[in-house]
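Spelled out, the chains give:
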Amino acid sequence: QVQLAESGGGSVQPGGSLRLACTASRSTNSLHYMGWSRQRPGEQRELLAIVTSGEMTNYADSVAGRFFISRDNAARSTYLQMNNLKPEDTAVYYCSAGYNGPREFWGQGTQVFVSS
């Protein structure tokens, strides 16, 4: 069992930046992937970015070039740097992780508001 806790959400103006953090309750060295998703009001959850244990990254088209994921196993954490934020980025952002298998772990989410 891995518990994940997100932090760093809040309110920001369009064009601004935020950095989200997700810290795990145990070592992340063996986690095959860590990732970030979001859920906008009335929509399904959308996978935004993942980083593998080999530091390979992949992004959804909607955030590629603006959002950047990183991973620090020493800190048991993953981060999502979000730049040039737009009002449509307003959502609850979730951290997830998994080993080599079907089971996934999810955090409780952190709210991001982008508004002038």
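For the structure, check the block above.
Structural notes, computed from the coordinates. Every chain is numbered independently, its residues counted from 1 as its sequence is written. Local features in a predicted model are, by the rule used here, given only for residues with pLDDT of at least 70; side-chain atom pairs are given and counted only at 80 or more, and totals for whole chains, interfaces and linings are based on all residues. Hydrogens are left out, water is left out, and the side-chain values use all remaining heavy atoms of the structure.

## What about the nonpolar core?
Threshold: By nonpolar core we mean a set of buried residues, namely Ala, Val, Leu, Ile, Met, Phe, Trp, Tyr and Cys, connected to one another through side-chain atoms within 4.5 Å. Think of it in three bands: residues with accessible area under 20% of the maximum for their type are buried, residues over 50% are exposed, and the middle band is partly exposed, with areas taken using a 1.4 Å probe on protein chains only. Residue contacts follow a heavy-atom distance rule, with two residues in contact if any of their heavy atoms lie within 4.5 Å.
Ranked by internal contacts, the top residues of the largest apolar core, which has 27 residues, are Leu4, Phe67, Leu80, Met82 and Tyr93. Aside from chain neighbours lying at most four places away, what touches methionine 82 is Gly16, Ser17, Leu18, Leu20, Arg66, Phe67, Tyr93 and Val112.

## Some details on the side chain of glutamate 6
We count it as follows: We count a stretch as a helix when DSSP gives it H or I for four or more residues in a row; a strand needs E for two or more, and each element gets its number in order from the N terminus. This count recognises Lys and Arg as positive and Asp and Glu as negative, with His and chain-terminal groups excluded. In the sections that follow, a salt bridge refers to a side-chain nitrogen of Lys or Arg positioned within 4 Å of a carboxyl oxygen of Asp or Glu. N or O atoms within 3.5 Å of each other form a polar contact, as long as, within protein, one can give a hydrogen and the other can take it, and as long as residues adjacent in sequence are counted only when both atoms are side-chain atoms.
Here glutamate 6 shows up in strand E1 (residues 4-7). Comment: no salt bridge for buried glutamate 6; closest opposite-charge side chain is arginine 45, at 7.3 Å. Reaching out from glutamate 6, the side chain makes a polar contact with the backbone nitrogen of glutamine 108 at a distance of 3.1 Å. There is a polar contact of 2.9 Å between the side chain of glutamate 6 and the backbone nitrogen of glycine 109.

## Some remarks on the environment of serine 53
Examined against the element boundaries, serine 53 turns out to sit in the loop between strand E5 (46-52) and strand E6 (57-59). Sequence separation between serine 53 and asparagine 73 is 20 residues, and the spatial gap between their C-alpha atoms is 9.2 Å. With residues up to four places along the chain from it excluded, the contact list for serine 53 reads Leu31, His32 and Arg71.

## Quick look at the packing of aromatic side chains
Short version of the rule: The rule is short: rings of Phe, Tyr and Trp, with Trp giving its six-membered ring, pair when the centres are within 6.5 Å, and they are stacked under 30 degrees, edge-to-face over 60, tilted in between. Ring-over charges, as used throughout, are those where CZ of Arg or NZ of Lys falls within 6 Å of the ring centre and within 35 degrees of the ring normal.
Within this structure, the stated rule accounts for 2 aromatic pairs. Look at tyrosine 59 and phenylalanine 68: their rings are 6.4 Å apart centre to centre, the planes differ by 70 degrees, and that puts the pair in the edge-to-face class. The exposure class assigned to phenylalanine 68 is partly exposed, which follows from its relative accessible area of 40%. In this structure, arginine 19 packs its charged tip against the face of tyrosine 79, placed 4.0 Å from the ring centre. Geometry around tyrosine 94 places arginine 45 over its ring, the cationic atom sitting 3.7 Å from the centre.

## Some thoughts on the sheet that holds E1
The condition that has to hold: In this scheme, strands are said to pair when DSSP sees at least two bridges between them. A fitted line through C-alpha atoms represents every axis, and for helices the fit uses only the stretch in contact; the resulting angles, taken between N-to-C directions, go from 0 to 180 degrees.
The sheet built from 4 strands is open, its strands ordered E1-E3-E8-E7 with antiparallel pairing. This sheet does not close on itself; its edge strands, each paired only once, are E1 and strand E7 (67-72). Averaged over all adjacent pairs, the angle separating strand axes in this sheet is 15 degrees, with direction ignored.

## Concerning the state of the cysteines
Rules: Here, a disulfide means two cysteine sulfur atoms that sit within 2.5 Å of each other.
Evaluated as defined, the whole model comprises 1 disulfide. Put simply, cysteine 22 and cysteine 95 are joined by a disulfide, and their sulfur atoms are 2.1 Å apart. The S-S bond linking cysteine 22 to cysteine 95 shows a torsion near -75 degrees; that makes this disulfide left-handed. On the criterion of sequence distance, the pair formed by cysteine 22 in strand E3 (residues 18-24) and cysteine 95 in strand E9 (residues 91-98) is long-range, its members being 73 residues apart. The pair cysteine 22 / cysteine 95 is uniform in exposure class, with both members buried.

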